[in-house]
Structures are given as C-alpha cells and as structure tokens.
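Overview (structure and organization)
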Amino acid sequence: MYIDRVSERCVMLGNYIVAKSATVRQTAAEFGVSKSTVHKDVTEILKRVDVDLYMRVKQILEQNKQERHLRGGEATKRKYAHI
C-alpha cells in the first residue's frame, strides 16, 4: 500500500514537471513536499515506475539546470532593483 502511494506521487510530480516545465522548487511548493522528496521521487523512483515519463522529466530538469544561472541573476536583479 505504501509503495502504491509513493509510485502514485512520483507520477503526479513527474506529470506536473512535464506539463508546467516546472523546477524542483516550484513542484515542491505546489505539492507541499520538500525539494529533496521531489528530486528523489523523480530521479530515482520514477525511473522504476514509468521510464517514458522519467525520460521526459529528466530532459526538463537538465534544461532547468542549464538555465539556473540565468534565474539566479534575475532574482538578484529584482532583489536590488529598489535600491
């Protein structure tokens, strides 16, 4: 029963990431779980549950990783814009 719930959560998280091109942080906030939980679910457990979905999620996470420095720069820009 526990495994079914974890597998179901992995698929829900993966589908959300694919549908919204969401980051791990955005997904964690949406589902009320930790970033670690999201990351472990979609990188380790999802691979065993749904390989096709795992591959799509992996592509999005890789893209997010490549764009990470741009997002950080924008956040810093907004933070200091009022000064």
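Relevant structure appears above.
Bringing the overall build of the protein into the picture now. Helix and strand counts for the protein stand at four helices and zero strands. Along the protein, helices (α) and strands (β) appear in the sequence α-α-α-α when read from the amino end. Counting only C-alpha atoms and orienting by the principal axes, one finds that the protein spans roughly 55 × 25 × 20 Å. Here the protein holds 83 residues, and 28% of them are scored as buried. Restricting to contacts in the protein with at least 6 residues of sequence separation, those with at least 24 account for 54%.

This part is about the environment of glutamate 74. In this structure, glutamate 74 sits in helix H4 (residues 51–80). Accessibility expressed as a relative area gives 41% for glutamate 74, which makes it partly exposed.

Assignment of secondary structure puts threonine 27 in helix H2 (residues 24–31). Not counting residues up to four positions away in its chain, the partners in contact with threonine 27 are Leu13, Tyr16, Ile17, Ala22 and Val38.

Moving on to the pattern of salt bridges. In the structure shown here, the tally under the stated rule is two salt bridges. One salt bridge in this structure joins glutamate 44 and lysine 40, with 3.6 Å as the shortest N-O distance. Of this pair, glutamate 44 and lysine 40 both sit in helix H3 (residues 35–49), four residues apart, which is roughly one turn of that helix. Residue lysine 40 is classed as partly exposed on the basis of its relative accessible area, which comes to 45%.

Two elements in contact, H2 and H3, have axes separated by 8 Å at closest approach and are oriented at 110°. Put simply, H2 runs roughly perpendicular to H3. As H2 packs across H3, the resulting crossing turns out to be right-handed. Contacts between H2 and H3 involve Val24, Arg25, Thr27 and Ala28 from the first element and Lys35, Val38 and His39 from the second.

In this model, serine 21 sits at a positive phi of 50°, which is unusual for a non-glycine residue. Tracing the sequence through the fold places serine 21 in the loop between helix H1 (2–20) and H2.

What follows concerns the packing of aromatic side chains. Counted under the stated rule, the structure contains one aromatic pair. Each ring, one from tyrosine 16 and one from phenylalanine 31, has its centre 5.4 Å from the other, and the planes form 90°; the classification is edge-to-face. Of this pair, tyrosine 16 sits in helix H1 while phenylalanine 31 sits in helix H2, and the two are 15 residues apart along the sequence.

Cut-offs used in this document
Residues numbered from 1 in each chain as written. Predicted model: local features only at pLDDT ≥ 70, side-chain atom pairs only at ≥ 80, totals over all residues. Heavy atoms only, no water. Helix = DSSP H or I, 4+ residues; strand = E, 2+ residues; numbered from the N terminus. Buried < 20%, exposed > 50% of the residue type's maximum accessible area, 1.4 Å probe, protein only. Contact = heavy atoms within 4.5 Å. Salt bridge = Lys/Arg side-chain N within 4 Å of Asp/Glu carboxyl O. Axes fitted to C-alpha atoms, helices over the stretch in contact; angles between N-to-C directions. Parallel < 35°, antiparallel > 145°, perpendicular 65-115°, else oblique. Left-handed = near helix turned anticlockwise from the far one by under 90°. Phe/Tyr/Trp six-rings, centres within 6.5 Å; stacked < 30°, edge-to-face > 60°.

These figures come from the coordinates and say nothing about function on their own.
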